[in-house]
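These are the residues of each chain, in order.
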Amino acid sequence: MISGIRQFIQQCLTQGMILPGLTVIIGCDPDYAEKVRPMKGIITHFFLIGLLMISGCAGQPSDSQSSLNGTVITGNQLLVALAESRDSSMVKIYAFERTVLGWELRTGPLAGVTGRNGFAPAGDKREGDGRAPTGLFALESAFGYAASITSSMPYQQATENDLWVDDVLSPDYNTWVKRGQTSATSFEVMKLADNRYRHGLITGYNRKPVVKGYGSGIFVHAWLEAGYTTSGCVAFDETELIKLLAWLDPLQQPQILMGTRQDLATVAGLPALPPDADLPGILEKQIRAMVAGYQERLVEYRTPDGFFGMAVALPGNALSYVVLTQWGSSHQPEVGELVVAKEQALQTVKEAARRYERM
């Protein structure tokens, strides 16, 4: 039955029977379906397929061999962005300071997100792959929308005329330039319409030297919302980021260490990292197995009460495949599947989380 429903969705996508804005609910209870429908102003149709109870789960593939052997932390302030697996875009953020007694934890763990396709193995990051680089990088400078911020870090104000070049053919690749002063045909405006770059840090990834095509614009910045992944940056709560900026001292040569737990374990002098306190349950493992193989994790969201939801982009259209935990008709947690417009994926997952909490 599972494969038949998935084949049906794929056939609809291929034949253009599912259009942007359509919501397909698979395995979600009718009450939830009625809750979702009025929430989406762009929905043109609603289709209830029926209830599924999906059993069993597949193990996650193991991470590849780490290549961070020989990496030595040279700075005295260290930010760590730690993922438990390459199959996850969720990270824990820690801030450490080296003292005469050794490394001391200053902040963390904080919830964060990274690239929609997780971490690339060390040295494998490429432009546009949606992955965050693995490794140890300098925290070069801060940036933001305001004329100044509370920080000792070198700071640059971002305006609508400030660009970060991601054109691999441009001599300005992976640098900050002014509009009109570059021939690059692809770039990112550094002042966005939202809060993500209101406070940020530029990392030293692929900066000295710059290698064309190896990835650009790897920042630490405020997240849009919890659960919403990035294109390769590290993002977390803006209030916590502001505190971090006030703490950082360029004289201490601050660095960021990014990667999976397995990757970072080989780094010399790594501060002791606590074990993961948010071990995935059976349903989360099941959900991850169901979306394995899809590119572009748009949303990855977990709550302390056991809810977990993910949304992945369906290729070639404006839709996303959402898989999440819900309360079934037998009042037991189960897995539900939905197909919704990409721009509605995060809102859909968070509405499901609120319903899960209330039950």
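Residues numbered from 1 in each chain as written. Predicted model: local features only at pLDDT ≥ 70, side-chain atom pairs only at ≥ 80, totals over all residues. Heavy atoms only, no water.

J.: Explain the pattern of salt bridges to me, please; I cannot follow it from the model alone.
T.: Pairs may arise between side chains of opposite charge once their charged atoms sit close together. Per the counting criterion, the structure on display carries 20 salt bridges. For arginine 302, the salt bridge identified is with glutamate 284, shortest N-O distance 2.7 Å. Here arginine 302, found in strand S15 (residues 297–302), pairs with glutamate 284, found in helix H5 (residues 282–291); they are 18 residues apart in sequence, far enough to count as distant. The class for arginine 302 is partly exposed, based on a relative accessible area of 26%. In this structure, the salt-bridge partner of arginine 354 is glutamate 351, at a minimum N-O distance of 3.2 Å. Within this pair, arginine 354 and its partner glutamate 351 are both found in helix H6 (residues 345–358), separated by 3 residues, close to a single helical turn. Among the charged side chains, a network of salt bridges with common partners joins Glu284, Arg288, Arg297, Glu300 and Arg302. (Salt bridge = Lys/Arg side-chain N within 4 Å of Asp/Glu carboxyl O. Helix = DSSP H or I, 4+ residues; strand = E, 2+ residues; numbered from the N terminus. Buried < 20%, exposed > 50% of the residue type's maximum accessible area, 1.4 Å probe, protein only.)

J.: Explanation requested: the confidence of the model for the protein chain in the structure shown.
T.: Should pLDDT be low for a region, the predicted coordinates there are not to be read in detail. In the predicted model, the protein chain carries a mean pLDDT of 85, and the fraction of residues at 70 or more is 81%. Counted against residues more than four places away or in other chains, residues 1–5, with its pLDDT under 50, gives 6 contacts. (pLDDT = per-residue confidence, 0-100. Contact = heavy atoms within 4.5 Å.)

J.: Would you explain the packing of aromatic side chains in this entry?
T.: In this description, an aromatic ring pair is defined by two values, namely the gap between the centres and the angle between the planes. Counted according to the given criterion, the structure contains 11 aromatic pairs. Judged by centre distance (5.6 Å) and plane angle (90°), the ring pair of phenylalanine 143 and tyrosine 197 falls under edge-to-face. One end of the pair, phenylalanine 143, is in strand S6 (residues 135–144); the other, tyrosine 197, is in the loop between strand S10 (187–189) and strand S11 (199–203), and 54 residues separate them in sequence. Given a relative accessible area of 4%, tyrosine 197 falls into the buried group. (Phe/Tyr/Trp six-rings, centres within 6.5 Å; stacked < 30°, edge-to-face > 60°.)

J.: I keep staring at the sheet that holds strand S9 (residues 176–178) and nothing clicks. Help me out?
T.: Hydrogen bonds between backbone atoms are what pair the strands of a sheet, whose relative direction is either parallel or antiparallel. The 3 strands lie next to each other as S9-S8-S10, forming an open sheet whose pairing is antiparallel. The sheet is open, and its two borders are formed by S9 and S10, each paired with just one other strand. Within this sheet the neighbouring strands show an average axis-to-axis angle of 40°, counted without direction. Both strand S8 (residues 162–165) and S9 contribute to a ladder of 3 bridges, which runs antiparallel. Within the sheet, the bridge partner assigned to tryptophan 164 lies in S9 and is tryptophan 176. (Pairing = 2+ DSSP bridges. Axes fitted to C-alpha atoms, helices over the stretch in contact; angles between N-to-C directions.)

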